[in-house]
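Overview (structure and organization)
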Amino acid sequence: MKKLSCIIVDDEPVARKILQEFVEQVPFMDLQGKFENAPKAEAFLRINPVDILLLDIEMPRISGLEFLQKMDLESMVILTTAFPQYALEGYELNIIDYLLKPFAFSRFLKAVHKAKDFHEIKNWKNSTPVPPYIFIKSEKRIEKVELCDILFAESVGNYVSIYTERKRIMAYLTMKSLESQMPVPEFIKIHQSYLVNTSRIQAIEGNEIRIGSHSLPMSRNYRETVMKIVQQRLLKR
């Protein structure tokens with residue numbers, strides 16, 4: 001996998017040093033620069049776009065949030081700050097994660113893995129077109145199922161139940177095996193036990209996703225990935 005390029009923007013030398021040490025411990029990250037204020041970062045980014053922006057909020061001249069509002073960035077943004085009151089405003093700017101200083105390396109690693117997952121979903125490509133169907137072994141027969149007909153799949157013990165509009169097919173396989181063969185982001189997990197066809201989602205309310213007559217639980221671990229995909233198709237004013 002190509003490394004994800006990143007820069008650090010923070011007015012505190014100690015914070016920049018800690019972030020640099022954290023980045024250098026992550027094999028899939030490539031640090032392109034460190035900047036003490038937003039104007040210097042802006043000048044760099046206009047010529048050198050990066051995948052991930054590690055951005056402080058409270059900085060002189062222009063804050064991190066003002067910088068985000070000003071710039072039309074394609075970069076995935078992870079905010080780093082000592083001030084929790086900015087969390088809501090940050091998420092309204094579609095950031096990937098919000099790290100509250102001081103944070104441990106484990107928490108930093110979780111944030112950059114979110115960015116990595118989102119990057120893979122957004123840029124998913126396959127040189128070989130995915131067939132629009134799969135074959136499923138169910139009881140004593142092998143059945144062809146069109147991907148567009150699948151509503152969702154549910155893990156049930158040693159089986160996976162695959163739901164279509166017309167029927168439910170019980171297959172003796174693991175959810176992990178099924179997930180590995182399904183195209184992303186057309187099919188995504190919303191819960192450890194559920195894999196859904198994103199084109200079949202009819203509504204999202206709270207922590208539930210409605211598909212046809214079914215209401216499925218969406219776990220906190222998968223919510224951000226789901227909402228990132230929804231945001232790409234969300235109509236805005």
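As a reminder, the structure under discussion sits directly above these lines.
Criteria and thresholds
- Residues numbered from 1 in each chain as written.
- Predicted model: local features only at pLDDT ≥ 70, side-chain atom pairs only at ≥ 80, totals over all residues.
- Heavy atoms only, no water.
- Phe/Tyr/Trp six-rings, centres within 6.5 Å; stacked < 30°, edge-to-face > 60°.
- Helix = DSSP H or I, 4+ residues; strand = E, 2+ residues; numbered from the N terminus.
- Buried < 20%, exposed > 50% of the residue type's maximum accessible area, 1.4 Å probe, protein only.
- Lys NZ or Arg CZ within 6 Å of the ring centre and 35° of its normal.
- Salt bridge = Lys/Arg side-chain N within 4 Å of Asp/Glu carboxyl O.
- Pairing = 2+ DSSP bridges.
- Axes fitted to C-alpha atoms, helices over the stretch in contact; angles between N-to-C directions.
- Polar contact = N/O pair within 3.5 Å; in protein donor to acceptor, adjacent residues only side chain to side chain.
- Contact = heavy atoms within 4.5 Å.
- Patch = residues over 30% accessible without salt bridge, like charges linked within 9 Å, V, L, I, M, F, W, Y side chains within 5 Å.
- Areas by Shrake-Rupley, 256 points an atom, 1.4 Å probe, with all protein chains shown as cover.

Turning our eyes to something else, we now look at the packing of aromatic side chains. This structure, assessed with the given rule, holds nine aromatic pairs. Seen from their ring centres, phenylalanine 22 and phenylalanine 103 are 6.2 Å apart, and the 55° between their planes marks the pair as tilted. Residue phenylalanine 22 is located in helix α1 (residues 13–24), and its partner phenylalanine 103 is located in the loop between β5 (97–100) and α5 (105–122); the two are separated by 81 residues in the primary sequence. Take phenylalanine 22 and phenylalanine 103: they sit in the same class, and that class is buried. With a centroid separation of 5.1 Å and an interplanar angle of 45°, the aromatic rings of phenylalanine 35 and phenylalanine 44 are classed as tilted. Grouping residues by exposure puts phenylalanine 35 and phenylalanine 44 together as buried. An aromatic cluster of at least three residues, connected via ring pairs, comprises Phe22, Phe103, Phe105 and Phe108. Sitting over the ring of phenylalanine 28, lysine 116 keeps its end group 5.6 Å from the ring centre. Between lysine 144 and the ring centre of tyrosine 133, over which it is positioned, the NZ or CZ distance is 4.4 Å.

A word on the pattern of salt bridges. For the coordinates displayed, the defined rule picks out 13 salt bridges. Between glutamate 36 and lysine 40 there is a salt bridge, with its nearest N and O atoms 3.2 Å apart. Judged by its relative accessible area of 38%, glutamate 36 falls in the partly exposed class. In the salt-bridge network here, residues are joined through shared partners; they are Asp97, Arg107, Lys114 and Glu224.

Another aspect to go through is the sheet that holds strand β13 (residues 203–205). Taken in spatial order, the three strands line up as β13-β14-β15 in an open sheet, and their pairing is antiparallel. The open sheet is flanked by β13 and β15 (214–217), the only strands paired with a single partner. Mean inter-strand twist for the sheet, computed between neighbouring axes without regard to direction, equals 25°. Two strands pair when backbone bridges link them, and strand β14 (residues 208–211) and β15 are joined in this way by four bridges, in the antiparallel orientation. Across the sheet, glutamate 208 pairs through a bridge with proline 217, a residue of β15.

In this structure, glutamate 42 sits in helix α2 (residues 38–45). Judged by its relative accessible area of 11%, glutamate 42 is buried. Of note is the side chain of glutamate 42, whose polar atom sits 3.0 Å from the side chain of lysine 70. Among all residues touching glutamate 42, those that are not within four sequence positions of it are Phe67, Lys70 and Met71.

What follows concerns a nonpolar patch on the surface. A cluster of nonpolar side chains, contributed by Tyr133, Phe135 and Ile142, occupies part of the molecular surface with about 340 Å² of accessible area. On the secondary structure map, isoleucine 142 appears in strand β7 (residues 141–146). According to the relative accessible area criterion, isoleucine 142 is exposed, its value standing at 61%.

A few words on the pairing of strand β6 (residues 133–138). Of the two faces of β6, the one lined by Ile134, Ile136 and Ser138 is fully buried and the one lined by Tyr133, Phe135 and Lys137 carries no buried residue. For β6 and β7, the ladder comprises six bridges, and the chain directions are antiparallel. What sits directly across from tyrosine 133, in β7, is glutamate 146. The antiparallel pairing of β6 with β7 creates a hairpin that spans two residues between the two strands, and glutamate 139 there sits at a positive phi of about 55°.

This is a description of form; function is not addressed.
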